[in-house]
Amino acid sequence: MAEALATPDSLGMAIQREDILQWAQEQISKITANRHMSSVDKAQAVMAYVDGIADPELKGQAGKVTTALIDGAEIPQLDLRWVRDFEATREKSNDLVQAGDFSQALKNQQEAIDKLDQHFAYEGIVPRYFNSYADRVIYNHMFALPDEKTVLIPDELFMAHYRIADVLFTMGKPKEAVKHLNKAVFYAPSYTMVHLRQAVGLALIEDWDSAFAATLNAVNIAQDSSDAAFGYYRMAYAAWMRDEFDVAAAAYIMSSDISRSRSFNLQVELDELMDRARSQDLILPHNEQEARKVLEEHDIPIWPNPQVQQIVNQAARICVNNRLFVPAKTLLISSARMASAEEYSMKARRIQVLRSLNA
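Residues numbered from 1 in each chain as written. Predicted model: local features only at pLDDT ≥ 70, side-chain atom pairs only at ≥ 80, totals over all residues. Heavy atoms only, no water.

Undergrad: Looking at this structure, how should I read the nonpolar core?
TA: Counting 84 residues, the largest nonpolar core has Phe158, Val194, Tyr232, Tyr252, Leu273, Trp303 and Leu331 as the members making the most contacts within it. Take this core: its biggest share by element is 10 residues, from helix α13 (residues 245-258). Once residues within four sequence positions are removed from consideration, Phe158 is found in contact with Tyr129, Ile153, Ala184, Tyr187, Ala188, Tyr191 and Val194. (Core = buried A, V, L, I, M, F, W, Y, C linked by side-chain atoms within 4.5 Å. Buried < 20%, exposed > 50% of the residue type's maximum accessible area, 1.4 Å probe, protein only. Helix = DSSP H or I, 4+ residues; strand = E, 2+ residues; numbered from the N terminus. Contact = heavy atoms within 4.5 Å.)

Below you can see the structure in the form of structure tokens.
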């Protein structure tokens, strides 16, 4: 299991900070109430849990508990306020928006985001956000460094970067918006959607090299054909703007081939690209086989990534065999989405088995 999930313990499969903190508080309460441990042993046990989780807010609060244990004083309740204070600021910003003070609302929200970012810019930890158990397993295998101390950030912080980027784009401040998307990608390198959003943002400021790189990242880790199709579509346009017409045509063809819903805009853009290529006597790919060959020649991933598919399939099998049905459900759905049409029916039946078990 440790090999398949790329983690030695259950903490390495956690995807929500709120759950981790709740679990930690329960464990601390059990330790402090244990009548068979000395005060020093309790303090050491509490710090062992806290150091293992490595959350900076929890670590700052735990010192009060260990001090009280050693001194024989009443054990204080942990007062974890970072997210509550952050949400309170967001609500005040919303009130300012309703009052028409957009500038102050934006400033307040920016300051709150910066402050929470700084809380997790802590030496020795790597702050991360995960959207699903499949994202977590892929991260463990493909992104985590040896002996890395991964710490979950609040979901609210990740979503705040996402939302404020949309606001800044609407306000005509694309460069500022892209900074927030870059931060979101830093927090969630295994989350396909954030790479796709980053690619769109970078295209708006016409940073075609970076936009192209963002689409490569998205396609490489995509677990869903729709995400992969959109990634190839954005890749095609970025490649076109970089005068890489063969790559652009190949990406358009791949997008059309794997998409479950055909895009009118895609076909119009591909036809225009083909017309321009003919006028310049350029030879472009015209079918999936030719498109794949072009992409392979340029070291561009062909979806689905075999490594990602193997990681997800193996993790799903291990979780099912060991009755870890909650992560198994997510992993099986991810596996089914990456399967070929011939395999899809079989994968879907495996998902149905889990649903019948109320997974």
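Undergrad: I would appreciate a short explanation of the pattern of salt bridges in the present structure.
TA: When the charged atoms of two side chains with opposite charge come close together, those side chains can pair. The tally for this structure, following the rule as stated, stands at 13 salt bridges. Residue Arg81 pairs with Asp85 through a salt bridge whose shortest N-O separation is 3.2 Å. On the basis of relative accessibility, which here comes to 36%, the residue Arg81 falls in the partly exposed class. The closest approach of N and O atoms between Arg278 and Asp275, which form a salt bridge, is 2.4 Å. Taken together, the positions of Arg278 and Asp275, both in helix α14 (residues 264-279) and three residues apart, correspond to about one turn of that helix. A relative accessible area of 52% places Arg278 in the exposed class. (Salt bridge = Lys/Arg side-chain N within 4 Å of Asp/Glu carboxyl O.)

Undergrad: Would you mind going over unusual backbone geometry with me for this structure?
TA: Excluding glycine, residues mostly have negative phi values, and the peptide bonds linking residues are mostly trans. A cis amide bond, omega -5 degrees, links Trp303 with the succeeding residue Pro304. Position of Pro304 relative to the elements: it lies in the loop between α15 (288-297) and α16 (306-321). A positive phi angle, near 60 degrees, is found at Ala6, a position not held by glycine. Along the chain, Ala6 falls in the loop between α1 (2-5) and α2 (17-32). Positive phi is not limited to glycine here, since Asp299 has a value of about 55 degrees. With respect to the helices and strands, Asp299 occurs in the loop between α15 and α16. Note on Asp299: relative accessible area 72%, which makes it exposed.

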